[in-house]
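Single-letter residue listing:
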Amino acid sequence: MASSSLFQGSPFTFKCKRSGSYPPPKSNALPNHLNIKAQSKPESPITHNNSVPPHSKQRRPADENIREEARRINVDHRHQFSAKYVPFNADPSSTESYSLDEIVYRSRSGGLLDVQHDMEALKKYDGGYWRNLFDSRVGKTTWPYGSGVWSKKEWVLPEIDSDDIVSAFEGNSNLFWAERFGKKYLGMNDLWVKHCGISHTGSFKDLGMTVLVSQVNRLRKMERPVVGVGCASTGDTSAALSAYCASAGIPSIVFLPANRISIAQLVQPIANGAFVLSIDTDFDGCMHLIREVTAELPIYLANSLNSLRLEGQKTAAIEILQQFDWEVPDWVIVPGGNLGNIYAFYKGFRMCKDLGLVDRIPRLVCAQAANANPLYLYYKSGWKEFEPIRAKTTFASAIQIGDPVSIDRAVFALQNSDGIVEEATEEELMDAMAQADSTGMFICPHTGVALSALIKLRNSGVIKPTDRTVVVSTAHGLKFTQSKTDYHSGAIKDMACRYANPPVQVKADFGSVMDVLKKYLLSQAPKH
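Computed from a prediction, not measured in an experiment: that's the story for all the values here.

Enquirer: Quick rundown of the overall build of the protein? Include the residues and the values.
Expert: For the protein, the count of helices and strands is 17 helices and 12 strands. Within the protein, the fraction of its 528 residues that count as buried is 57%. Considering only intrachain contacts with a sequence separation of at least 6, the fraction spanning at least 24 residues in the protein is 71%. Surface summary for the protein: the accessible area is close to 22700 Å², and the carbon and sulfur share equals 52%.

Given below as structure tokens:
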């Protein structure tokens, strides 16, 4: 089984950017097995003194693409790092495990699985090593490390050959300083929004799907019985799955709840050539059906029940730390539906702490829509007993889930991060979305749920004005233009739409236009 080099010729210089908060590096030199001597072929020498001669990398031949270049200069270090499936949160005495090349979604007891990395192998290199390695890959086009996910390949799918990876260079998304929103509405000056929706298909789902479809690509090359990949979806999962499968030439099958997702979300899997089934049920019903189907047919399950997805999603947490120069924020607020993402963020932060990149993890908040709030109800009960619910319709359609698959993962993440669960009504989430948009953002309703949670926690004093806080935005606002249009036109029944900004109808003459403009400008004048 082939594996990629840690570096594949990508030039970088190892130098510590910070000191004091972290333990000193075990060694400034690269391990002997990773020192690559200069050769006649156009690759970048990495020397013992950690310096790279300027302009040492020649441009690849014009008839060679970046995948072919990576294949040519590959150095095999497959013995270094590995990962396997284990039962989630299993007893330490458990010996149950599975290769990632097996098609398995549940443990023998029927519980969730988790991807467990060989932490002892990873710990042979200190936090400074990993920080510098990950930082060196940001913004490059070296295959596959230009991706925000695959720049952390050793922590994601360490044994996959880079030639099997299916990537759109996803990740590396904007960490937006929400200066005006924080100042105007919350009295905060260190509020940030991680725009995971600024991605290939417009949602954070790309981060997990590149990992899952890459593994399927590998399995098909190994002639494993996989004829296609299937998912149940409220929109974004199907968009990501269909795009990555189309890129790899793998059939994709999508189960969608009829009349419950936006046209913008529906058109994506259709345009990407997926086989789309519109089913007269909700997401939970679609999820039940896809699990039955994948148990009978050689279709690989792509929902977050499959723990491979979370390996990609956890890299967004590592990106946040990178973007703060490896300083840990106080709070991270994540919208929650099927609840895999809150665990993925926890896992990313926890790996960074365990491997010495940072010295703590942030407190996590999971934000749910009040119309689909089983985790919130469980939290408010003191974690006494979880009860699935029948989710009601919510503008935050991607989290309209009443029986989340990853409930146990979410509880584990929250309990181990001193976490909180908060909820938002339909009016609260739509108002928060409108407020955010009015300060220069253009967010989805799910991000409105997270911002509503922030507003409540800030008003109650739980989050302090000086706390560095990150709100995770999960999808692009352009997927939800109808809900925004309805809000600003005042067309939502029983909703005040307090921040609506409808167009002003005016006659086509100079005097009428001047009258309207003067009135508007007077209303905007500073109040003294």
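Enquirer: Tell me about the pairing of strand 4 (residues 191-195), and please be specific about residues and values.
Expert: It is a general feature of regular strands that their side chains alternate between the two faces of the sheet. Burial within strand 4 is extensive, with five of its five residues counted as buried. Bridge analysis of strand 3 (residues 175-177) against strand 4 gives three bridges, and the strand direction is antiparallel. Its bridge partner lying in strand 4, Phe176 is registered against Val193. Where strand 4 meets strand 12 (residues 469-473), five bridges bridge the pair, whose relative direction is parallel. Across the sheet, residue Trp192 finds its bridge partner in strand 12, namely Val470.

Enquirer: How would you sum up the UniProt feature "modified residue: N6-(pyridoxal phosphate)lysine" (unreviewed entry) in the protein? Please name residues and give values.
Expert: Here the UniProt-annotated "modified residue: N6-(pyridoxal phosphate)lysine" (unreviewed entry) positions come out as Lys205. When neighbours within four sequence positions are excluded, Lys205 is seen to be in contact with Asp236, Thr237, Ala240 and Arg309.

Enquirer: Please set out the nonpolar core residue by residue, giving values where relevant.
Expert: Counting residues in each nonpolar core, the largest one holds 106 residues, and the members touching the most others are Trp130, Trp155 and Tyr300. Considering every element that reaches this core, the biggest residue donor is helix 11 (residues 340-354), with eight residues. For Tyr300, the contacting residues outside a window of four places in its chain are Tyr85, Ile103, Tyr105, Leu212, Val216, Leu219, Val226, Gly228, Val229, Gly230, Asn306 and Leu308. In terms of nonpolar packing, the next biggest core, distinct from the first, is built from 36 residues, Leu429, Ala434, Ala436 and Ala453 among them.

Enquirer: Give me the pattern of salt bridges: which residues, what numbers.
Expert: Enumeration according to the criterion identifies 20 salt bridges in this entry. The closest approach of N and O atoms between Arg108 and Glu96, which form a salt bridge, is 3.9 Å. Pair noted here: Arg108 is in the loop between strand 1 (83-87) and strand 2 (113-117) and Glu96 is in the loop between strand 1 and strand 2, with a separation of 12 residues, a long-range link. On the basis of relative accessibility, which here comes to 65%, the residue Arg108 falls in the exposed class.

Calculation criteria
Residues numbered from 1 in each chain as written. Predicted model: local features only at pLDDT ≥ 70, side-chain atom pairs only at ≥ 80, totals over all residues. Heavy atoms only, no water. Helix = DSSP H or I, 4+ residues; strand = E, 2+ residues; numbered from the N terminus. Buried < 20%, exposed > 50% of the residue type's maximum accessible area, 1.4 Å probe, protein only. Contact = heavy atoms within 4.5 Å. Areas by Shrake-Rupley, 256 points an atom, 1.4 Å probe, with all protein chains shown as cover. Pairing = 2+ DSSP bridges. UniProt positions renumbered as here; feature names shortened; annotations may be inferred. Core = buried A, V, L, I, M, F, W, Y, C linked by side-chain atoms within 4.5 Å. Salt bridge = Lys/Arg side-chain N within 4 Å of Asp/Glu carboxyl O.

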